[in-house]
Amino acid sequence: MLRTVEITAELTGVPQGEDFHNLHWEKTIELSLDCFVCERTDRTTVLRLGEERATCSAGREAPRHPAPARIAAFDVTTGQDRLALRAVVDHWWAPFHDAKRDRPASALTRAPWVRLHVGSYCSGVRQSGSFSIQSNMVRPVRETCGDCGLRLAVSDQAPGIRLLA
Ligand SMILES: [Zn+2]
Ligand SMILES: [Zn+2]
């Protein structure tokens, strides 16, 4: 059945004016899902905006494979000193039993995890950069430009992940 997961995230403390580093969400999301194709729970699934399928990274014992998931919405909002994202991921889910972990699959994996990528550009040294934020980090996380040392953004709260349907 088709299930829909909403991911929300916000960065604050984004500098404006000449210190602005062209901060933007990159169009790749890594999200843990329970994958009925390889019948494993908690698989990191790599999604790219615009692609009609994702990739289940599986694990050492199972090869990566195409996964029936896609980014259905990718809404960016910018404000004063903030950069926010609301993404919607559709994925096809079917029940199964994870034999290795001996537990049933769920439509939203038991402890969902996400990693979001953020791109930047330092006009001082004319270099592109990137960093990522993910669910399990000790917060607040303060990101600085690796080139000029200015603050890029602060991540106060872990991204939200919830099952919409
Ligand atoms: Zn899989
Ligand atoms: Zn910089």
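In this text, all values refer to a predicted model and were calculated from it rather than measured experimentally. (Residues numbered from 1 in each chain as written. Chains lettered and ligands numbered in written order. Predicted model: local features only at pLDDT ≥ 70, side-chain atom pairs only at ≥ 80, totals over all residues.)

Student: What exactly am I supposed to notice about the sheet that holds strand 5 (residues 65-67) here?
Tutor: What holds strands together in a sheet is hydrogen bonding between their backbones, with the strands either parallel or antiparallel. Pairing is antiparallel in the open sheet, where 6 strands are placed in the order 5-4-3-2-10-11. Looking at which strands have only one partner, the edges of the open sheet turn out to be strand 5 and strand 11 (127-134). Each neighbouring strand pair of the sheet contributes to a mean axis angle of 30°, computed without reference to strand direction. Pairing analysis gives 3 bridges linking strand 4 (residues 54-56) to strand 5, with the strands arranged antiparallel. Among the inter-strand pairings, Thr55 is bridged to a residue of strand 5, identified as Pro66. (Pairing = 2+ DSSP bridges. Helix = DSSP H or I, 4+ residues; strand = E, 2+ residues; numbered from the N terminus. Axes fitted to C-alpha atoms, helices over the stretch in contact; angles between N-to-C directions.)

Student: Would you explain the environment of Thr55 in this entry?
Tutor: Along the polypeptide, Thr55 turns up in strand 4. Those residues in contact with Thr55, other than ones at most four positions away along the chain, are Thr45, Val46, Arg64, Pro66 and Ala67. (Contact = placed C-beta atoms within 7 Å.)

Student: How do you make sense of the nonpolar core when you look at a structure like this?
Tutor: Buried together is how nonpolar side chains tend to be arranged in soluble globular proteins. Grouped together as the largest cluster of nonpolar side chains are 21 residues, with contacts concentrated most on Ile7, Ile29, Leu47, Val89 and Leu116. Only strand 1 (2-11), strand 2 (24-35), strand 4, strand 6 (69-79), strand 7 (82-92) and strand 10 (114-122) provide two or more residues apiece to this core. Looking at this core, the element that brings in the most residues is strand 2, giving 5 residues. Not counting the four nearest positions on each side in its chain, Ile29 is found in contact with Ile7, Leu47, Ile71, Ala87, Val89, Val114 and Leu116. Counting 6 residues, the second-largest nonpolar core is a separate cluster that includes Leu11, Cys145, Leu152 and Ala153. (Core = buried A, V, L, I, M, F, W, Y, C linked by C-beta atoms within 7 Å. Buried ≥ 20, exposed ≤ 12 C-beta atoms within 10 Å, placed from the backbone.)

Student: Got a minute to help me understand the pairing of strand 3 (residues 40-48) in this structure?
Tutor: Consecutive side chains along a regular strand alternate between the two faces of the sheet. Alignment of strand 2 against strand 3, held across 7 bridges, turns out to be antiparallel. Paired with Cys35 across the two strands is Arg40, which belongs to strand 3. Hairpin remark: strand 2 followed by strand 3, antiparallel, with 4 residues in the connecting loop; positive phi at Glu39, about 55°. Count of turn residues in the strand 3/strand 4 antiparallel hairpin: 5 residues, of which Gly50 carries a positive phi of about 95°.

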